Amino acid sequence: MNDNSRYSHQQRAPLCILLYGSACLLFVLGVVLRHDPAISWTFPLTGAFVLLLAGSFHYLRVEDEGDELLIRFGPIPLFQTRLKYADIESAEVGRTLVLDGWGIHLSPRGGWVWNLWGRDCVVFRKSDGEVLRVGTDQPHELATFVNSRLHA
């Protein structure tokens, strides 16, 4: 958090290392097993896809953009969402389930999860009833900032 009027935080996690390692393994296996026609192109192609995912899930940035909160994975900006402050009823510190895991998906409890690493999160309840859980290593700071924007 830079000051009381703006919020910007970037969480990094070792998830991308697992993805980079998997991509490298697929490339190596593609070379080693290149005499099998299906593997010679399938493994490197899959490795390239996993490499793209690794670059997309290197960090999770949550940033104030005036009237909305930008939530995006990066540095390759394939996955992002915007949450207008006017649509948020509440923001509270919470915990994700072990079953929630990492990435972007529906939670067994309902609502969406955007999480990179760990179980700490901020639970956003929207006026339309939708729930969004955003993983962060700064849950208290993020919830405090968003609540200050809701009551301004």
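Residues numbered from 1 in each chain as written. Predicted model: local features only at pLDDT ≥ 70, side-chain atom pairs only at ≥ 80, totals over all residues. Heavy atoms only, no water.

Asks: Describe the side chain of Thr96, naming the residues involved and giving the relevant values.
Replies: Along the polypeptide, Thr96 turns up in the loop between β5 (88-95) and β6 (103-106). Those residues within four positions of Thr96 in sequence are excluded, and the remaining contacts are Arg109, Val113, Asn115, Gly118, Arg119 and Cys121. (Helix = DSSP H or I, 4+ residues; strand = E, 2+ residues; numbered from the N terminus. Contact = heavy atoms within 4.5 Å.)

Asks: Can you break down the environment of Gly94 residue by residue, with the values?
Replies: Looking at the secondary structure, you find Gly94 in strand β5. Since its relative accessible area comes to 14%, Gly94 is described here as buried. Here the alpha-carbon distance between Gly94 and Pro44, two residues 50 residues apart in the chain, equals 40 Å. Ignoring any residue separated from it by four or fewer positions in sequence, one finds Gly94 in contact with Arg119, Asp120, Cys121 and Val123. (Buried < 20%, exposed > 50% of the residue type's maximum accessible area, 1.4 Å probe, protein only.)

Asks: Can you tell me about the pairing of strand β3 (residues 68-74), naming the residues and giving the values?
Replies: Taken across its 7 residues, β3 has 7 buried, putting it largely inside the fold. Looking at chain direction, strand β2 (residues 59-64) and β3 are connected through 6 bridges and run antiparallel. Bridge pairing in β3 links Arg61 to Arg72. Remark: 3 residues form the turn of the hairpin made by β2 and β3, two consecutive strands paired antiparallel; Gly66 in that turn has positive phi of roughly 85°. Taking the residues that link successive antiparallel strands as the turn, the β3-strand β4 (residues 80-84) hairpin has 5 residues. (Pairing = 2+ DSSP bridges.)

Asks: Lay out the packing of aromatic side chains with the relevant residues and their values.
Replies: Inspection of every chain in the model, using the stated rule, returns 6 aromatic pairs. Linked through ring pairs, Phe57, Phe73, Phe79 and Trp114 together constitute an aromatic cluster. (Phe/Tyr/Trp six-rings, centres within 6.5 Å; stacked < 30°, edge-to-face > 60°.)

Asks: A description of the sheet that holds β3 should follow, citing residues and the corresponding values.
Replies: If you walk across this open sheet you meet the 4 strands as β1-β2-β3-β4, and the pairing is antiparallel. Since the sheet does not close on itself, it has two edges, and those belong to β1 (8-12) and β4, each with one partner. Ignoring strand direction, the axes of neighbouring strands in this sheet form an average angle of 15°. Relative to β2, β1 is paired through 5 bridges, and the arrangement is antiparallel. Of the residues in β2, the one forming a bridge with Gln10 is Arg61. (Axes fitted to C-alpha atoms, helices over the stretch in contact; angles between N-to-C directions.)

Asks: Describe the side chain of His9, with residues and values.
Replies: Tracing the backbone through its elements, the reader meets His9 in strand β1. For His9, the side chain forms a polar contact with the side chain of Asp137, separated by 2.5 Å. Only 3.4 Å separates the side chain of His9 from the side chain of Gln138, close enough to count as a polar contact. When sequence neighbours within four positions are dropped, the list of residues in contact with His9 reads Leu60, Arg61, Val62, Thr136, Asp137 and Gln138. (Polar contact = N/O pair within 3.5 Å; in protein donor to acceptor, adjacent residues only side chain to side chain.)

Purely geometric numbers; function is a separate question.
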